[in-house]
Amino acid sequence: VTVGRTDNMFTKYTFDITSVIKDDSFIEIQFSSPVSYAAGESRAHTAYTMPPECPPPVQKGECHVNFIRKEQCSFSWDWGPSFPTQGIWKDIRIEAYDVLHLNYLSFTPVYVVSTQQWNLKIVPIFDVVGSEPVAGQATVTISELHTQQTYDLELHPGKCSPELLLSISEDVTVETWWPSGHGNQFGYNLTVTFIFEDGYHINKLAKVYFRTVELVQEPIVGSPGLSFYFRINGLPIFIKGSNWIPADSFQDRVTSDVLRLLLQSTVEANMNALRVWGGGVYEQDEFYDICDELGIMVWQDFMFACALYPTDPSFLESVRAEVTHQLF
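**As for helix H1 (residues 34-44)**
- Every buried residue of H1 is accounted for by Pro34, Ala38, Ala39 and Ser42. Burial along H1 is one-sided: seen end-on, the buried residues are contained in an arc of 135 degrees. Set apart from the buried face of H1 by more than 90 degrees, the exposed residues are Arg43 and Ala44.
- The N-capping residue of H1, defined by a side-chain oxygen 3.3 Å from the backbone nitrogen of Val35, is Ser33.

**Details of the nonpolar core**
- If you look at the biggest cluster of nonpolar residues, it comprises 29 residues, and the most contacted ones within it are Phe126, Ile142, Ile168, Phe194, Phe196 and Phe210.
- Of all elements in the fold, only strand S1 (100-112), strand S2 (117-128), strand S3 (134-142), strand S4 (147-155), strand S6 (164-167), strand S7 (188-196) and strand S8 (201-208) reach the threshold of two or more residues within this core.
- Apart from the residues lying within four places of it in its own chain, the contact partners of Phe194 are Leu102, Leu105, Pro124, Phe126, Gln137, Ala138, Leu153, Tyr200, His201 and Ile202.
- Judged by nonpolar contacts, the second largest core, of 17 residues, contains Val254, Leu274, Val276 and Leu294.

**Remarks on the pairing of S4**
- Judged from the nine bridges that link them, S3 and S4 form a sheet pairing that is antiparallel. Paired with Thr141 across the bridge in S4 is Gln148.
- Here S3 hands over to S4 after four residues, with His146 in that stretch at a positive phi of 50 degrees.

**Overview of the pattern of salt bridges**
- Within the structure shown, the criterion is met by nine salt bridges.
- Glu322 is the salt-bridge partner of Arg69, the closest N and O atoms lying 2.9 Å from each other. Of the two residues, Arg69 sits in the loop between H1 and S1 while Glu322 sits in helix H4 (residues 313-327), which places them 253 residues apart along the sequence. Across the pair, Glu322 and Arg69 agree in class, each one buried.
- For Arg275, the salt bridge goes to Asp301, with nearest N and O atoms at 2.7 Å. Of this pair, Arg275 sits in strand S13 (residues 273-276) while Asp301 is found in the loop between strand S14 (297-300) and H4, placing the two residues 26 residues apart along the sequence.
- Residue class for Asp301 comes out buried when judged on its relative accessible area of 12%.

**Details of the side chain of His45**
- For His45, the position within the fold is in the loop between H1 and S1.
- Residue classification places His45 among the buried residues on the basis of a relative accessible area of 16%.
- If we skip the residues at most four places from it in the chain, His45 touches Met50, Phe67, Pro310 and Asp312.

Rules used throughout
- Residues numbered from 1 in each chain as written.
- Predicted model: local features only at pLDDT ≥ 70, side-chain atom pairs only at ≥ 80, totals over all residues.
- Heavy atoms only, no water.
- Buried < 20%, exposed > 50% of the residue type's maximum accessible area, 1.4 Å probe, protein only.
- Helix = DSSP H or I, 4+ residues; strand = E, 2+ residues; numbered from the N terminus.
- Arc of directions from axis to C-beta.
- Polar contact = N/O pair within 3.5 Å; in protein donor to acceptor, adjacent residues only side chain to side chain.
- Core = buried A, V, L, I, M, F, W, Y, C linked by side-chain atoms within 4.5 Å.
- Contact = heavy atoms within 4.5 Å.
- Pairing = 2+ DSSP bridges.
- Salt bridge = Lys/Arg side-chain N within 4 Å of Asp/Glu carboxyl O.

Listed below in structure tokens is the structure:
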């Protein structure tokens, strides 16, 4: 029984196997050649041309990479070889639940100028599988800031995303995060605990950093253009950085030690920012965690580079799912 198909390296797939799983079930995964798939998609697209068809001959690469949602440089680039990999490159698992499941948990610090107070916006995204609403509570705690708040929840069937707003006490001093060379990178331990009917509970831990980021585009005296710079915590920051490409042609060789070595080298070279290039991959969570820890700002591309791309409904729907998954 076929339970699902995939065609996008950059998103998460979930397949319901409730009706097909048995005591002696096994999983069989069949892979298609990414090169053949991209070529087939290109042949089927006849409405208009989609350059470039192929990389320059000197690269000895593969063609039509813009027709597959895959690491674009894996078909070759001007700095690297052609290794169009295929396979499972992130976790695969079976999950069982009959009430609800927490799919994502995001949090965003917000500074309220009028009250000179920090808030933390927390958005959990649940999949509620029953036919009735599920009642519960969420407790958010930041012990170092002597802050704890409990919220009543009522989750309705389907996708449900309540918004929780945590107000940080005015009586405590919040240490802000600064780019490398401008201050410390102080972070706080965040705990979010969900407790639902029948004692079902979920506990999540995370590190949260408080900072404001502003892109400043203002008129420049004597110039027809606008300024373009960033203020972090109200301070203009001169960005010094590099272009981050995949650390290896084979992602399973990019270990924690490799990431830390390269990112520590970034700071020691007096950089404070990296642009994650759109021809590679959305980096693993640990990459961004280490950047936070070391004071490295990240300019994040979506994974498109040096090409035109299809705009048919199925391709756009795949990209929409990709973007949603990456943002949360």
